[in-house]
Amino acid sequence: MHNLRVSLLIALTALFAMHIFAGDYKNFKVAVYCRAYEVEKMGDANWLETVWDELSKGVHVDKIYLETHRDLLIVDEKILESAIAFFRAKGIEVAGGITYTRDESNFFETFCYSNPDDRAKVSEIASYTARFFDEVILDDFFFTNCKCNLCIGAKKDRSWTDFRLELMRDAAVDLVLNPARAVNPDVEVVIKYPNWYEHFQGLGFNLEEQPPLFDGLYTGTETRNRTSNQHLQQYHGYAIFRYFENLKPGQNRGGWVDTGGSNPLDRYAEQLWLTLFAKAPEITLFDIRQLDSPFRENTRAAWQGTGTSFDFDEMKKPLRQEDGSMFEPTKYARVAGYSLEIVDRVLGYLGKPVGIKSYKPYHSVGEDFIQNYLGMIGIPIDIVPEFPEGEEMVFLTASAKFDPQIVEKIKHQLTAGKNVTITSGLYKALQGKGIEDIVELRVTERRANVSEFRAGWGPTVKIEEAIIIPQIHYLTNDSWEVVSALDNTNGWPILHRADYSDGRFYVLTVPDNFIDFYIMPAKVLNSLRQNIAGNLGVSIEGQGEISLFVYDNSSFVVESFLDKEATINIVFDEETEQITDVFTGEIIPGNFREAPAFRNRKFVKDAFTFEVNIKPHSFRAFTNHPPVKK
Ligand SMILES: [Zn+2]
């Protein structure tokens with residue numbers, strides 16, 4: 001009875017939460033970024049009034065970033081002052097922005113930090129901007145890709161990475177922070193990092209030494225369409241925010257999404273949602289010009305009209321304004337406003353995000369962005385810059401080879417009775433460097449083309465397309481295949497287990513093409529999820545390209561990136577009679593599933609399972625107890 005009442009309450013809350021005009025959001029602030037080009041246009045009061053009127057009807061805006069410089073365009077101080085006054089009069093928080101590009105259109109040409117004239121310019125822009133604002137954000141480009149003769153001379157025989165890491169750490173202090181603070185002692189300078197974190201060190205973004213110097217960090221969470229240039233997986237938008245939060249806890253001030261690569265339009269909404277599922281306190285919409293652009297009818301996806309989380313037709317519906325007039329949405333501002341209203345309805349139920357900690361040493365490279373591919377198959381991941389203490393499971397990739405003590409740290413974790421999973425890429429990198437002390441394997445140069453798998457009991461399962469994996473050899477009866485791949489009668493490990501001291505050590509075979517994880521059979525993925533992330537208390541069973549986000553208050557979100565509706569099982573290892581969909585208030589009863597016993601031993605746990613459907617490109621948020629909204 002109690003639960004029924006609670007769910008009724010949720011349903012009512014959800015109903016009343018539907019806005020007839022773009023209302024403010026309860027769980028985050030919305031900021032709009034304006035490039036120097038558009039800030040300059042704000043000198044025309046008519047232009048500003050018209051653009052702002054339409055934009056603010058589509059999305060509630062709490063804060064505006066006014067950029068002072070981009071591509072050597074410095075906005076005149078009279079225009080800046082009038083724009084600041086315009087937004088303050090509307091009760092909007094105002095902050096400054098700087099883009100340190102010489103010419104963005106020329107392969108993102110940055111300043112040369114070896115050139116005295118450029119250095120003076122960078123410093124001048126910092127002090128100029130700090131005169132007007134108490135908060136200043138640096139957009140994406142505070143890095144250098146300059147290889148001029150001055151830089152070549154200054155680099156000497158160091159690597160570009162070592163040269164640029166030092167150059168840009170010093171530039172942050174000498175050319176940005178000190179000049180800005182000298183002009184305005186109250187100024188807070190925030191560095192916004194873009195989405196390509198694996199490669200930062202090569203261009204001087206210094207994640208080790210810069211975060212303590214700056215007042216705050218900001219995260220580029222845009223992933224766009226994954227077929228576009230960067231090939232970023234959707235889960236990246238969540239994982240990168242958590243990673244940067246772990247670099248400077250409590251001072252990752254927000255996530256940042258643009259409208260690029262948003263076809264179908266659901267892709268834009270997903271990026272906003274993923275940023276907020278990571279619990280970003282602020283979302284920045286880049287930028288005022290993009291928000292003022294019309295969305296196209298041909299971005300309405302084939303699955304529209306089937307009840308997906310992003311409802312194109314609902315988004316387009318005319319909105320009644322406070323003065324009674326009707327507003328017809330045609331631009332991106334409303335796409336953002338609508339998508340944010342949808343996610344705001346569930347965020348209040350979600351606690352602090354948790355996941356399997358994946359240690360990525362500073363300035364390391366290995367298997368680029370692989371954590372995000374695991375996130376895409378329902379393994380919640382939390383990337384951290386130090387080896388985490390006291391975790392049940394630590395997940396390590398080839399990047400971890402950058403820590404010279406890594407084998408000792410793995411052993412320490414295992415002898416403490418905890419567990420470690422490493423990728424085949426890391427095992428290979430550590431071969432001959434002491435990893436054989438834990439288990440003697442050989443990750444060979446040979447490859448296998450596999451389409452048949454064995455995971456646990458029962459018949460093998462097949463997939464339509466073969467995938468290519470490295471062949472791992474091991475010593476029979478010294479370690480064991482938990483999940484195997486087969487080709488005719490031959491076979492190799494996919495997940496391999498070796499116990500060491502009181503801990504469990506797993507090696508996960510990474511397909512040559514990471515994306516092939518997505519097409520592994522559900523039975524294989526279920527085993528990977530259970531063995532790698534089973535300690536989180538909740539997991540999913542089903543196909544790939546469905547992510548799971550887990551929070552510390554018994555709430556969780558599942559989000560599908562599939563183009564078709566999917567059915568999954570949500571699995572608890574503790575007694576859980578029912579779960580509540582906090583968006584709809586629907587209560588879903590669970591089933592007890594007793595694990596089969598062999599000679600009185602159980603190889604998997606008893607479980608409480610819930611079958612749920614997820615529409616294409618949609619999310620569902622649940623709690624496993626009567627929900628409490630913050
Ligand atoms: Zn240079």
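All of these numbers come straight from a predicted model, not from anything done at the bench.

Criteria and thresholds
Residues numbered from 1 in each chain as written. Predicted model: local features only at pLDDT ≥ 70, side-chain atom pairs only at ≥ 80, totals over all residues. Heavy atoms only, no water. 1 Å grid on protein atoms, 1.4 Å probe; cavity = no way out; pocket = protein on both sides within 12 Å on 5 of 7 lines; lining within 4 Å. Points joined across faces, edges and corners; volume = space filled by probe spheres on them. Nonpolar A, V, L, I, M, F, W, Y, C, P; charged D, E, K, R; others polar. Helix = DSSP H or I, 4+ residues; strand = E, 2+ residues; numbered from the N terminus. Core = buried A, V, L, I, M, F, W, Y, C linked by side-chain atoms within 4.5 Å. Buried < 20%, exposed > 50% of the residue type's maximum accessible area, 1.4 Å probe, protein only. Contact = heavy atoms within 4.5 Å. Donors = N, O, S within 2.8 Å, 3.2 Å for Na, K, Ca; no water. Tetrahedral: all angles 85-135°; square planar, octahedral: opposite > 155°, others 65-115°. Pairing = 2+ DSSP bridges. Axes fitted to C-alpha atoms, helices over the stretch in contact; angles between N-to-C directions. Expected span 1.5 Å × (residues − 1). Phe/Tyr/Trp six-rings, centres within 6.5 Å; stacked < 30°, edge-to-face > 60°.

### A short note on empty space enclosed by the protein
Then, in step 1: This model, assessed by the stated rule, comprises two cavities of 30 Å³ or more.
Then, in step 2: There is about 60 Å³ of room inside the largest cavity.
Then, in step 3: Lining the largest cavity, in full, are Y197, F200, Q201, F205, L207, Y243, K360, P361, Y362, H363 and S364.
Then, in step 4: Class assignment of the residues belonging to the lining of the largest cavity gives a composition of seven nonpolar, three polar and one charged.
Then, in step 5: Empty space within the second largest cavity amounts to approximately 40 Å³.
Then, in step 6: For the lining of the second largest cavity, the elements supplying multiple residues, two or more each, are helix 5 (116–130), strand 7 (135–139) and helix 7 (160–183).
Then, in step 7: Take the lining of the second largest cavity: its biggest share by element is three residues, from helix 5.

### Thoughts on the nonpolar core
Then, in step 1: Counting residues in each nonpolar core, the largest one holds 150 residues, and the members touching the most others are L66, Y100, F142 and F277.
Then, in step 2: For this core, the element with the most residues is helix 13 (residues 332–347), which contributes 10 residues.
Then, in step 3: Apart from the residues within four sequence positions on either side, F142 is in contact with Y100, Y113, M168, A171, A172, V176, I191, F205, Q210 and F214.
Then, in step 4: Core analysis: the second largest hydrophobic core is formed by 24 residues, V394, V420, I422 and I438 among them.

### Thoughts on the coordination of the zinc ion
Then, in step 1: Listed as protein donors to the zinc ion are C112 (SG), C146 (SG), C148 (SG) and C151 (SG); their distances from the metal cover 2.3 to 2.4 Å.
Then, in step 2: Coordination at the zinc ion is tetrahedral: its four donor atoms span angles of 101 to 118° at the metal.
Then, in step 3: Look at where the donors of the zinc ion fall in the sequence and you get C-x33-C-x1-C-x2-C. The same class applies to C146 as to C151, namely buried.

### Regarding the environment of G97
Then, in step 1: Mapped onto the secondary structure, G97 falls in strand 4 (residues 93–99).
Then, in step 2: Accessibility expressed as a relative area gives 0% for G97, which makes it buried.
Then, in step 3: Along the sequence, G97 and C34 sit 63 residues apart, while their C-alpha atoms lie 8.2 Å from each other.
Then, in step 4: In this structure G97 touches Y33, L66, E67, T68, H69, T129 and I137, once residues within four positions along its chain are discounted.

### Section: the sheet that holds strand 34 (residues 619–623)
Then, in step 1: Spatial strand order, 14-25-26-34-28-29: six strands in an open sheet with antiparallel pairing. A strand with exactly one partner marks an edge of an open sheet, and here the two such strands are strand 14 (353–354) and strand 29 (587–589).
Then, in step 2: By the bridge criterion, five bridges tie strand 25 (residues 546–551) to strand 26 (residues 555–560) in an arrangement that is antiparallel. Within the sheet, the bridge partner assigned to S547 lies in strand 26 and is E559.
Then, in step 3: Relative to the sheet, helix 10 (residues 266–277) contacts strand 14, strand 25, strand 26 and strand 34, its axis offset from that of strand 26 by approximately 155°.

### A closer look at the sheet that holds strand 33 (residues 607–614)
Then, in step 1: Read across the sheet, four strands follow the order 24-27-33-30 without closing on themselves; strand pairing throughout is antiparallel. Here the strands that pair on one side only, and so sit at the sheet edges, are strand 24 (538–541) and strand 30 (591–593). Adjacent strand axes in the sheet meet at a mean angle of 35° when their direction is disregarded.
Then, in step 2: As defined by bridge partners, strand 30 adjoins strand 33 across three bridges and the pair is classed as antiparallel. By the bridge assignment for strand 33, F592 is matched with F608.

### Some remarks on helix 13
Then, in step 1: Given a rise of 1.5 Å per residue, 16 residues ought to cover 22 Å, and the 22 Å separating the end C-alpha atoms of helix 13 matches this to within 8%.
Then, in step 2: In terms of residue burial, helix 13 counts as a mostly covered element, since 16 of its 16 residues are buried.

### Here's the deal with the packing of aromatic side chains
Then, in step 1: Here the structure, examined in full by the defined rule, presents 48 aromatic pairs.
Then, in step 2: Residues Y238 and F549 carry aromatic rings whose centres are separated by 4.6 Å and whose planes lie at 55° to one another, so their mutual orientation is tilted. Remark: F549 occurs in strand 25 and Y238 occurs in helix 9 (residues 236–247); sequence separation between them is 311 residues.
Then, in step 3: Taking the relative accessible area as the measure of exposure, F549 reaches 0% and is therefore buried.
Then, in step 4: Ring plane angle 90° and centroid distance 6.5 Å describe the contact between F583 and F619, whose orientation is recorded as edge-to-face. One end of the pair, F583, is in the loop between strand 28 (578–581) and strand 29; the other, F619, is in strand 34, with 36 residues separating them in the sequence.

### What about the layout of surface pockets?
Over the atoms, a rolling probe the size of a water molecule traces out where space has been left empty.
Then, in step 1: In this structure, the largest pocket spans a volume of roughly 1,400 Å³.
Then, in step 2: Taken together, 42 residues form the lining of the largest pocket, with S527, Q530, N531, F603 and V604 sitting closest to its centre.
Then, in step 3: Every element with two or more residues in the lining of the largest pocket is listed here: strand 19 (441–455), strand 21 (480–487), strand 23 (503–508), helix 17 (522–533), strand 24, strand 27 (566–572) and strand 32 (601–602).
Then, in step 4: Here the element with the most residues in the lining of the largest pocket is helix 17; it accounts for six residues.
Then, in step 5: For the lining of the largest pocket, the class distribution of residues is 17 nonpolar, 11 polar and 14 charged.
Then, in step 6: Residue lining of the second largest pocket: 27 residues in total, with F108, D140, F141, R224 and Q230 positioned closest to the centre.
Then, in step 7: Every element with two or more residues in the lining of the second largest pocket is listed here: strand 10 (252–258) and helix 11 (288–291).

### Some thoughts on the pairing of strand 4
Then, in step 1: In terms of residue burial, strand 4 counts as a mostly covered element, since six of its seven residues are buried.
Then, in step 2: Sheet analysis places strand 2 (residues 63–70) next to strand 4, joined by six bridges and oriented parallel. Paired with E67 across the bridge in strand 4 is G97.
Then, in step 3: Inspection of the sheet shows strand 4 paired to strand 7 by four bridges, in the parallel sense.

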